[in-house]
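These are the residues of each chain, in order.
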Amino acid sequence: MYNVKSCKADEFINHEEILETLDYAQANKNNRALIEQLIDKAALCKGLTHREAALLLCCDQPDLINRIYHLAKEMKKKFYGNRIVMFAPLYLSNYCVNGCIYCPYHAKNHHISRKKLTQDEIRKEVVALQDMGHKRLALEMGEHPHINTMEYLLESIRTIYDIHHKNGAIRRVNVNIAATTVENYRKLKDAGIGTYILFQETYNKENYERLHPAGPKSNYAYHTEAMDRAMQGGIDDVGCGVLFGLTSYRYDLVGLLMHAEHLEAAFGVGPHTISVPRIRPADDINPQDFPNAVPDDMFCHIVAVIRLAVPYTGMIVSTRESKATREKVLEIGISQISGASSTSVGGYSEADGEEDTAQFDTNDKRTLDEVVSWLMKRGFVPSFCTACYRAGRTGDRFMALVKAGQIGNCCSPNALMTLKEYLMDYASESTRREGEKMIEEEMQKIPNPKVREIAMLHLKQMEECQRDFRF
Ligand code: SAM
Ligand code: SF4
């Protein structure tokens with residue numbers, strides 16, 4: 001029985017409810033009046049239910065799809081402005097006991113090199129990341145109870161926060177690790193992590209069990225209920241996602257939105273972010289073996305519908321996507337991207353040609369400087385801001401800020417000040433020139449004159465070598 005507030009996976013992600021939702025969407029896909037009504041409802045920026053979103057996803061009438069894209073673009077602007085938050089993944093270890101058949105780290109892959117970084121190697125990686133200009137990381141590792149222990153992860157987080165190389169610092173460490181216990185989530189919270197990220201991979205239990213034939217991750221309920229445990233452990237910024245291509249995208253989008261509705265109903269705050277990864281080629285993985293691949297135009301449609309359904313939730317696209325695809329989805333909903341990523345263990349500091357431990361082949365291989373310059377040319381402000389979580393604006397307090405439309409007076413100056421840091425410490429000459437021009441123009445758009453004045457002062461103080469200002 002479907003119950004949004006239940007703490008049981010098969011009640012808050014209910015298979016029958018998903019099937020009925022898909023039937024409803026299919027039955028109404030030519031009902032223009034209803035679809036138009038839903039687009040009008042979405043324009044009120046209060047979100048959509050999973051049923052309503054499923055219908056918008058099913059819509060195949062070009063003029064209505066255009067309206068959906070247009071509205072997604074407007075809503076993104078309204079709540080997130082033109083800022084794009086930057087981050088990079090950092091792979092700590094690729095030892096793994098699980099059997100995920102889409103990932104080359106699965107335990108039966110005996111030919112991929114296995115590696116776990118020492119604290120010294122982590123230092124080298126972080127120095128390399130700081131030298132690029134990164135301030136925000138997502139830690140990644142396989143699941144291995146004896147090798148990738150919680151103590152190791154906690155020590156690594158401490159190491160990372162302690163490294164201050166030149167003007168660099170990692171100010172927000174997000175963590176993407178396997179589902180764990182409330183007690184461990186509490187430890188992660190105490191270690192000062194930002195978001196806890198866990199992709200559901202697929203919400204379809206039968207497929208999930210087939211795709212995860214071995215290891216702790218094969219327990220669908222334990223995996224699906226992980227965000228509840230994370231919230232019980234005090235982590236109120238959680239990041240959801242599905243790996244598109246494993247099950248039909250329609251099924252998984254409905255599941256994803258039901259998950260968001262559940263977190264909102266049970267804990268008063270939905271996911272902080274939603275990621276939209278698609279399967280990539282990797283060591284012993286061929287995406288063509290997965291028949292549910294999502295075509296590019298449908299991928300954009302998915303992003304736009306998520307934007308309408310959960311207007312206040314950040315949306316992340318990684319370097320799994322090409323420059324061209326990233327260009328499209330940035331316009332219609334994405335608020336956070338990774339740049340210059342390596343998916344190898346030790347990939348930032350090791351010389352090329354070392355044993356390859358990559359999780360997947362990245363699509364966008366540009367440097368961070370190239371990504372920053374490209375964003376600015378397209379009118380986006382690259383932001384290295386980490387202020388909210390450091391000021392305790394997490395969970396519903398962050399959402400309240402977004403809902404109150406206060407980003408103009410808070411996020412915008414923070415984005416510009418952190419961009420300034422990037423330009424002064426890491427950018428190429430041409431990127432720096434483009435950036436200075438952008439900062440000058442964007443500062444004029446800060447609504448509150450007092451905030452603008454303080455931000456101007458901080459920009460000057462940065463010229464005198466001071467760093468890390470924030471609202
Ligand atoms: N091991 C943890 C887990 O599985 O939750 C943590 C992170 S894992 C390194 C990060 C994510 O990479 C997985 O959740 C999965 O969705 C994604 N992934 C695995 N194989 C992939 C592939 N071939 N292409 C694209 N993404 C992949
Ligand atoms: Fe291990 Fe995660 Fe890869 Fe699965 S997706 S094999 S759990 S690293």
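Residues numbered from 1 in each chain as written. Chains lettered and ligands numbered in written order. Predicted model: local features only at pLDDT ≥ 70, side-chain atom pairs only at ≥ 80, totals over all residues.

> Whenever I open this one, helix α3 (residues 32-42) confuses me. Can you help?
Because an α-helix completes one turn every 3.6 residues, residues spaced three or four positions apart along the sequence face the same direction. For α3, every residue scored as buried is listed here: Ile 35, Leu 38 and Ala 42. Along the axis of α3, the buried positions cluster into a sector of 60°, meaning they face one direction only. Exposed side chains of α3 directed beyond 90 degrees from the buried face belong to Ala 33, Glu 36, Gln 37 and Asp 40. Packing partners of the buried residues in α3 comprise α4 (50-58), α5 (62-80) and α13 (296-309). (Buried ≥ 20, exposed ≤ 12 C-beta atoms within 10 Å, placed from the backbone. Helix = DSSP H or I, 4+ residues; strand = E, 2+ residues; numbered from the N terminus. Arc of directions from axis to C-beta. Contact = placed C-beta atoms within 7 Å.)

> What's the story with the pairing of strand β5 (residues 238-241) in this structure? I'm lost.
As a general feature of sheets, a regular strand has side chains that alternate between the two faces. What you see with β5 is no split at all: Val 238 and Cys 240 on one side and Gly 239 and Gly 241 on the other are buried throughout. As paired elements, strand β4 (residues 196-197) and β5 share two bridges and run parallel to each other. When the sheet's bridge partners are listed, Ile 197 is paired in β5 with Gly 239. The sheet contact formed by β5 and strand β6 (residues 273-275) spans three bridges and is parallel. (Pairing = 2+ DSSP bridges.)

> Before we go on, may I ask you to explain the environment of Lys 73 in this structure?
For Lys 73, the position within the fold is in helix α5. Sequence separation of Lys 73 and Pro 382 is 309 residues, and the distance between their C-alpha atoms is 17 Å. Not counting chain neighbours up to four residues away, the residues in contact with Lys 73 comprise Glu 331 and Ile 332.

> Could you clarify how one ought to interpret the site of ligand 2 in this entry?
Every residue lining ligand 2 is accounted for by Cys 96, Asn 98, Cys 100, Cys 103, Tyr 105, His 106, Gly 142, Glu 143, Ala 178 and Lys 217. Classifying every residue of the shell around ligand 2 gives five nonpolar, three polar and two charged. (Near = placed C-beta within 6 Å. Nonpolar A, V, L, I, M, F, W, Y, C, P; charged D, E, K, R; others polar.)

> Got a minute to help me understand the nonpolar core in this structure?
Within soluble globular proteins, side chains that are nonpolar generally end up buried alongside one another. Counting residues in hydrophobic clusters, the biggest one holds 134 residues, and the most contacted among them are Leu 56, Leu 137, Tyr 196, Val 303, Val 305 and Leu 308. In terms of domain composition, this core takes at least three residues from each of domain 1 (77-365) and domain 2 (404-463). Once residues within four sequence positions are removed from consideration, Tyr 196 is found in contact with Val 175, Tyr 185, Leu 188, Ala 230, Ile 235, Val 238 and Gly 239. (Core = buried A, V, L, I, M, F, W, Y, C linked by C-beta atoms within 7 Å. Domains from an automatic or database assignment.)

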